[in-house]
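Okay, here's what each chain looks like letter by letter:
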Amino acid sequence: WDMMAGPFSDPEVVRYISERFIPLKTGFKRLLRNDTELKISDKKLAEKYQLVAGKFIEPGFVLLDRRGKLIHTVDRFLLFQRQWFLNRLDTITKKNSKALAYKPQTPGNNDPSYDANKEARTAIGVGNIDKAIKLLGFAASKKNSAAESAWLLGVCYHMKNETTKGNEVWTALASEHPQSIWGKKAQIELDGWGPFLYGFESYRDFPLRTMAHKDLRHSRTAGSAKDESAMVGRGITRLLDMQREDGSWNDSRYDFGGLDSMPNVHVAVTAIAARALLDWQSSGPREKIDRALKRAITYLQDDSHLNPKDSDELIWAYVYRLNFFSRLIEMDPKQKTTYLPFLQKLVDETEELQLGSGAYRHEYAAAFTSSSVMHAFYVAAEAGAKIAMPRLKAATKAVLGARIKKTGAFGYGMRNRGGVEQAGGRMPLCELALYLGGASSAKKLKAAVAESFKQHPNFEMARNYDDHMRSLYAIGGFFFWYDMVGRAEAINRLSGKTASKWREQMRQIVYSTNEADGGWIDSHELGKSYGTAMALTVLRLMKDLKQ
């Protein structure tokens, strides 16, 4: 849906591709789930073009020459912006000009609506949304450009966080121009499947360095320390653009626990995004950030947004709200009187979710879930909340029971088995939770972090894969940023040369995974807001030393 309603619906992209290629849409729907169900011919075709898990991660496309030979692959394709995409496609085409060997005869453009909204698009690109809205009002009066103008007007309202207005414009567009590509784009967004509201389509201008990036296979763009300030700024802008009118960030589609868990997922992601804005409050447009935080706090304090009957993801709505309000008090102690009562309420209610075994669960009881809760409790205590020590001791005992003494790994779920290959990502956070309670040592914490770095290539390989990759120790792509934040939290509590080296390594991981639109992402389900906020949190933790 992201590809078909994004790049492959854009008139300029359609024109470019149609002049140079014969487009073919195909797919291997079951290959990445259970390749034994495929017909042998399909399996051979998929293997021929390397469309198999680990070698190709959806969405993406391949370019073949006239004889069917593979000449270029694009995968992990996580965004669309017209100018950037056409630039990337043109660079790939020219690089493979001999293999393609086709010189298009570009016809003149006789469509009077083609450039009618060009000035408005330019204004949106530089962030002048109010100017764009005025221009679009004028363009909409012209019959030939009305549908595109209405589409862009809806985009503008959503970028201003005016969700209701944006949806009203698109509803009218879909009704009045149902056969127009713009009417169809509006409808798919309203239906909850379109790329724009989920952060996979952008109308802002991208920096020149993203155009010149050498990696022509993926949509990310590598940066460096000198780019960090600009990266942070663009990440903040991405989050500000995607907040909804009610104060939430609800672009996550992580429904592994079922649709009834989605309200709790959205509360958790909103708390994560709000923390990132809070962390970088002084590095962006302060007025806009303050306004976004005010809306988010109102949303996070309203329990009507929760689904207390869901036991799959409810715990995360508590964990990340605990982290956010603890951080709010830490950064501004004057806020303690205002927010400590609510923080204490969160602590008390979270404690009631503890299982008889002492563990905490999301979809199932797990050492890493329990450790996330324990860590959140310790942080809340530092902010002034009172924690029931018997509860913490029971959770500590449960997590210790999942630790494998020989390797220091923590079993998946609460099982006392499994190798470091599967557990490397969660080891730092689990060990940190024990360390903060005096049940571990700095030596063991360092060993857990070291093992996490050792196993990192596997995590990076699985990143963007929307499930557990069976061929890679069943590592789930959606654990990537969760693991990175856990590792960063652990490093944040350590000192010395090794810890300093690790902090630099963590920064490099964030730099290298930045997307061209300024965001970050691990899985499509968890979404662009989640990934962007978690990456910004890692950068902040690597700046703030807490021992």
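The structure reproduced in this document is the subject of the present report. The shown structure was predicted, so the numbers you read here are calculated from the model rather than taken from an experiment.

Cut-offs and rules
- Residues numbered from 1 in each chain as written.
- Predicted model: local features only at pLDDT ≥ 70, side-chain atom pairs only at ≥ 80, totals over all residues.
- Heavy atoms only, no water.
- Helix = DSSP H or I, 4+ residues; strand = E, 2+ residues; numbered from the N terminus.
- Polar contact = N/O pair within 3.5 Å; in protein donor to acceptor, adjacent residues only side chain to side chain.
- Phe/Tyr/Trp six-rings, centres within 6.5 Å; stacked < 30°, edge-to-face > 60°.
- Buried < 20%, exposed > 50% of the residue type's maximum accessible area, 1.4 Å probe, protein only.
- Lys NZ or Arg CZ within 6 Å of the ring centre and 35° of its normal.
- 1 Å grid on protein atoms, 1.4 Å probe; cavity = no way out; pocket = protein on both sides within 12 Å on 5 of 7 lines; lining within 4 Å.
- Points joined across faces, edges and corners; volume = space filled by probe spheres on them.
- Nonpolar A, V, L, I, M, F, W, Y, C, P; charged D, E, K, R; others polar.
- Pairing = 2+ DSSP bridges.

Quick notes on the environment of Gln344
And step 1. With respect to the helices, strands and loops of the structure, Gln344 is situated in helix H16 (residues 336-351).
And step 2. In this structure the C-alpha to C-alpha distance between Gln344 and Tyr360, which are 16 residues apart in sequence, comes to 18 Å.
And step 3. At 2.7 Å, the side chain of Gln344 forms a polar contact with the backbone nitrogen of Lys386.

Overview of the packing of aromatic side chains
And step 1. All chains considered together, the criterion is met by 29 aromatic pairs.
And step 2. For the ring pair Phe196 and Tyr203, a centre distance of 5.9 Å and an interplane angle of 65° mean the geometry is edge-to-face.
And step 3. On the basis of relative accessible area, Tyr203 is assigned to the buried category, the value being 11%.
And step 4. When the ring of Trp316 is compared with that of Tyr482, the centres are 5.8 Å apart and the planes differ by 75°; the resulting orientation is edge-to-face. On the criterion of sequence distance, the pair formed by Trp316 in helix H15 (residues 314-331) and Tyr482 in helix H23 (residues 480-492) is long-range, its members being 166 residues apart. Pair check on accessibility: Trp316 and Tyr482 agree, each one buried.
And step 5. By way of ring pairs, the aromatic residues Tyr254, Phe256, Trp316, Tyr320, Tyr364, Phe368, Tyr412, Phe478, Phe479 and Tyr482 are connected into one cluster.
And step 6. Arg321 extends its terminal NZ or CZ atom over the ring of Tyr318, reaching a point 4.9 Å from the ring centre.
And step 7. Across from the ring centre of Phe453, 4.4 Å away, lies the NZ or CZ of Arg487, which sits over that ring.

Focus on the side chain of Arg493
And step 1. Within the secondary structure, Arg493 sits in the loop between H23 and helix H24 (497-512).
And step 2. Engagement of the side chain of Arg493 in a polar contact is seen with the side chain of Glu382, the distance being 3.1 Å.

Structural notes on the layout of surface pockets
And step 1. Each pocket or cavity is described by its volume, and for the second largest pocket that value is around 530 Å³.
And step 2. Glu12, Gln81, Arg82, Gln83 and Arg121 are, among the 25 residues lining the second largest pocket, the residues nearest its centre.
And step 3. Elements supplying a minimum of two residues to the lining of the second largest pocket: helix H2 (11-20), helix H4 (82-95), helix H6 (118-125) and helix H10 (181-190).
And step 4. Residue classes in the lining of the second largest pocket are distributed as 7 nonpolar, 7 polar and 11 charged.

A few points about empty space enclosed by the protein
And step 1. Counted by the stated rule, this structure contains 4 cavities of 30 Å³ or more.
And step 2. Tyr254, Glu313, Trp316, Leu526 and Tyr530 are, among the 15 residues lining the largest cavity, the residues nearest its centre.
And step 3. The set of elements that each furnish at least two residues to the lining of the largest cavity consists of helix H13 (262-279) and H15.
And step 4. The leading source of residues in the lining of the largest cavity is H13, at 4 residues.
And step 5. For the lining of the largest cavity, the class distribution of residues is 13 nonpolar, 1 polar and 1 charged.
And step 6. Its boundaries defined by the atoms lining it, the second largest cavity holds a volume of some 200 Å³.
And step 7. Lining the second largest cavity are 15 residues, and of these Arg275, Tyr320, Asn323, Val485 and Glu489 lie nearest its centre.
And step 8. Contributing elements (two or more residues each) for the lining of the second largest cavity: H13, H15, helix H17 (367-382), H23 and helix H25 (528-541).
And step 9. Looking at which element gives the most residues to the lining of the second largest cavity, the answer is H23, with 4 residues.
And step 10. Taken together, the residues of the lining of the second largest cavity sort by class into 8 nonpolar, 5 polar and 2 charged.

A word on the pairing of strand E1 (residues 61-64)
And step 1. Side chains Phe61 and Leu63 project from E1 onto a buried face, and the interleaved Val62 and Leu64 project onto a face without burial.
And step 2. Inspection of the sheet shows E1 paired to strand E2 (residues 70-74) by 4 bridges, in the antiparallel sense. For Leu63, the partnering residue across the bridge sits in E2 and is His72.
And step 3. Connecting E1 to the antiparallel partner E2 that follows it, the hairpin turn spans 5 residues, and Gly68 within it adopts a positive phi of roughly 90°.

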